[in-house]
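Spelled out, the chains give:
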Amino acid sequence: MPRAGLDAATVTEAAADLADELGLGQLSMSLVAERLGVKTPSLYKHVDGLASLTHRIAVLGATEVGDRLRDAMQGVSGGDALAAAAQALRRFVKEHPGRYAATTGARPAGPGDPLAPALGRTLTSLEAVLRGYGLDDADRIHALRMLRSVLHGFATLEAADGFQIDTDVDASFLWLIDFVDGGLRARASS
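Rules used in this analysis
- Residues numbered from 1 in each chain as written.
- Predicted model: local features only at pLDDT ≥ 70, side-chain atom pairs only at ≥ 80, totals over all residues.
- Heavy atoms only, no water.
- Helix = DSSP H or I, 4+ residues; strand = E, 2+ residues; numbered from the N terminus.
- Buried < 20%, exposed > 50% of the residue type's maximum accessible area, 1.4 Å probe, protein only.
- Contact = heavy atoms within 4.5 Å.
- Core = buried A, V, L, I, M, F, W, Y, C linked by side-chain atoms within 4.5 Å.
- Phe/Tyr/Trp six-rings, centres within 6.5 Å; stacked < 30°, edge-to-face > 60°.
- Axes fitted to C-alpha atoms, helices over the stretch in contact; angles between N-to-C directions.
- Left-handed = near helix turned anticlockwise from the far one by under 90°.
- Polar contact = N/O pair within 3.5 Å; in protein donor to acceptor, adjacent residues only side chain to side chain.
- Arc of directions from axis to C-beta.

Draft legend 1. Highlighting the overall build of the chain. Helix and strand counts for the chain come out as 9 helices and 0 strands. In the chain, the succession of α and β elements from N to C terminus is α-α-α-α-α-α-α-α-α. Structurally, the chain occupies a C-alpha span of about 65 × 45 × 25 Å along its principal axes. Buried residues in the chain amount to 39% of all 190 residues. For the chain, the proportion of contacts with a sequence separation of at least 24, taken over those separated by at least 6, is 66%.

Quick look at the structure:
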């Protein structure tokens, strides 16, 4: 019989917290069991194993980052929406590096997998940013890929302490936002 109060959502949340603290690559079923105060085999009543648990963390992380982007962009468009989305994604990656890492490269397992709509939340928000620039239809997918790549790259490098040069990282991020904004405006007007 499963322990009272323990369910798949509780196991996933505990695992996500551990992934944020230790790194996704360090996550194990035994560490999650220890965090929850249970024996490792009891976790298998709620999740199928580490791969399944990592997938659940990806769903959780993708949902949370999508919600953060949506909320940050309420009532703004254009450069303001870009700045809001960029800062929201950056904060999420800094606060939840394990959850975010689980989303990177995660693929839906099939029809009905909750990962698909969870990942779609982020894309929908980033597409809304780009709509504010009035880009040509032919440019939209390229712009979406560029925006995801630039924001992902900066945020994950920063979270990994990858910026060692003695220059203010916040100033660099604002410069990046301004540069992307200028590029999108120039592309839309050409």
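Draft legend 2. Quick look at the nonpolar core. If you look at the biggest cluster of nonpolar residues, it comprises 28 residues, and the most contacted ones within it are Val129, Leu147 and Leu151. Those elements that provide at least two residues to this core are helix H4 (50-72), helix H5 (78-95), helix H7 (115-131), helix H8 (137-159) and helix H9 (169-189). Residue contributions to this core peak at 8 residues, all from H5. Non-local contacts of Leu147, meaning those with residues more than four positions away in its chain, are made with Leu82, Leu126, Val129, Leu130 and Val180. If you look at the next biggest cluster of nonpolar residues, it comprises 23 residues, including Leu18, Leu43, Ile57 and Ala62.

Draft legend 3. Structural view of the packing of aromatic side chains. Applying the stated criterion across every chain, the model contains 3 aromatic pairs. Ring geometry for Phe154 and Phe173: centres 4.8 Å apart, planes at 55°, overall tilted. Of the two residues, Phe154 sits in helix H8 while Phe173 sits in helix H9, which places them 19 residues apart along the sequence. With relative accessibility at 10%, the residue Phe154 sits in the buried group.

Draft legend 4. Fine view of the packing of H5 against H8. It is the contact of H5 with H8, at a shortest axis distance of 9 Å, that shows an interaxial angle of 35°. Seen along the crossing, H5 lies across H8 with a hand that is right-handed. Together, Leu82, Ala86, Leu89, Arg90, Val93 and Lys94 of H5 and Leu147, Leu151, His152, Phe154, Ala155, Thr156, Glu158 and Ala159 of H8 make up the contact between the two elements.

Draft legend 5. Fine view of the side chain of Arg99. Locating Arg99 in the fold gives a position in helix H6 (residues 97-103). Within the structure, the side chain of Arg99 is placed 3.1 Å from the side chain of Glu13, a separation counted as a polar contact. Beyond its immediate sequence surroundings of up to four residues, Arg99 is in contact with Glu13, Ala16, Asp17, Asp20, Ile57, Leu60, Gly61, Glu64 and Phe92.

Draft legend 6. Structural detail: helix H2 (residues 29-36). Among the residues making up H2, those that are buried are Met29, Val32, Ala33 and Leu36. Seen from one end, H2 has its buried residues packed into an arc of 100°, which puts them on one side. Note on H2: the residue one or two positions beyond its end, Gly37, has a positive phi of about 75°.

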